[in-house]
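# Close look at the chain arrangement
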Amino acid sequence: MSYRPIISSMTEASSNEKDGLYEFIINLADGTVCRAFYTRNPEWKMTNISRLQKTPCPVCRKDFICKCMDSFADVFQQQIDDNHWIDKAIAK
């Protein structure tokens, strides 16, 4: 069975509105927490995503730094666009 991340919430962690840079914390349905970096200019684009080391990686089961979430960047982006997660996170 392949892993499929499902976003359950997304909050803004920090921002630099002058430069159009944003950092978001993404909570997944399986309890995994990720940090995503975005640039806003000229449109929203994910520049990096990484897993916060609170639980082992659901893909490789390592409890240290891994790059597994990079391979799911397209899945994250699709869910964020479809559910308007960025708009919800910035509105709070």
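Residues numbered from 1 in each chain as written. Predicted model: local features only at pLDDT ≥ 70, side-chain atom pairs only at ≥ 80, totals over all residues. Heavy atoms only, no water.

One open sheet accounts for 4 strands, arranged β1-β2-β3-β4; its pairing is antiparallel. Edge positions in the sheet fall to β1 (7-16) and β4 (45-51), since each of these pairs with one other strand and no more. Each strand of the sheet is rotated relative to its neighbour by a mean of 25°, with strand direction disregarded. The sheet contact formed by strand β3 (residues 33-39) and β4 spans 6 bridges and is antiparallel. Residue Ala 36 lies in a different strand from β4, and its bridge partner there is Ile 49. (Pairing = 2+ DSSP bridges. Helix = DSSP H or I, 4+ residues; strand = E, 2+ residues; numbered from the N terminus. Axes fitted to C-alpha atoms, helices over the stretch in contact; angles between N-to-C directions.)

Turning our attention to the environment of Val 33. With respect to the element layout, Val 33 can be found in strand β3. The exposure class of Val 33 is buried, given its relative accessible area of 11%. Here Val 33 is in contact with Ile 25, Ile 26, Asn 27, Arg 51, Leu 52 and Lys 54, once residues within four sequence places are set aside. (Buried < 20%, exposed > 50% of the residue type's maximum accessible area, 1.4 Å probe, protein only. Contact = heavy atoms within 4.5 Å.)

Moving on, we get to the pairing of β1. Note: β1 against strand β2 (residues 21-28), 8 bridges, orientation antiparallel. Bridged to Asn 16 within β2 is Leu 21. Taken together, β1 and the strand that follows it, β2, pair antiparallel across an intervening segment of 4 residues, in which Gly 20 is found at a positive phi of about 75°.

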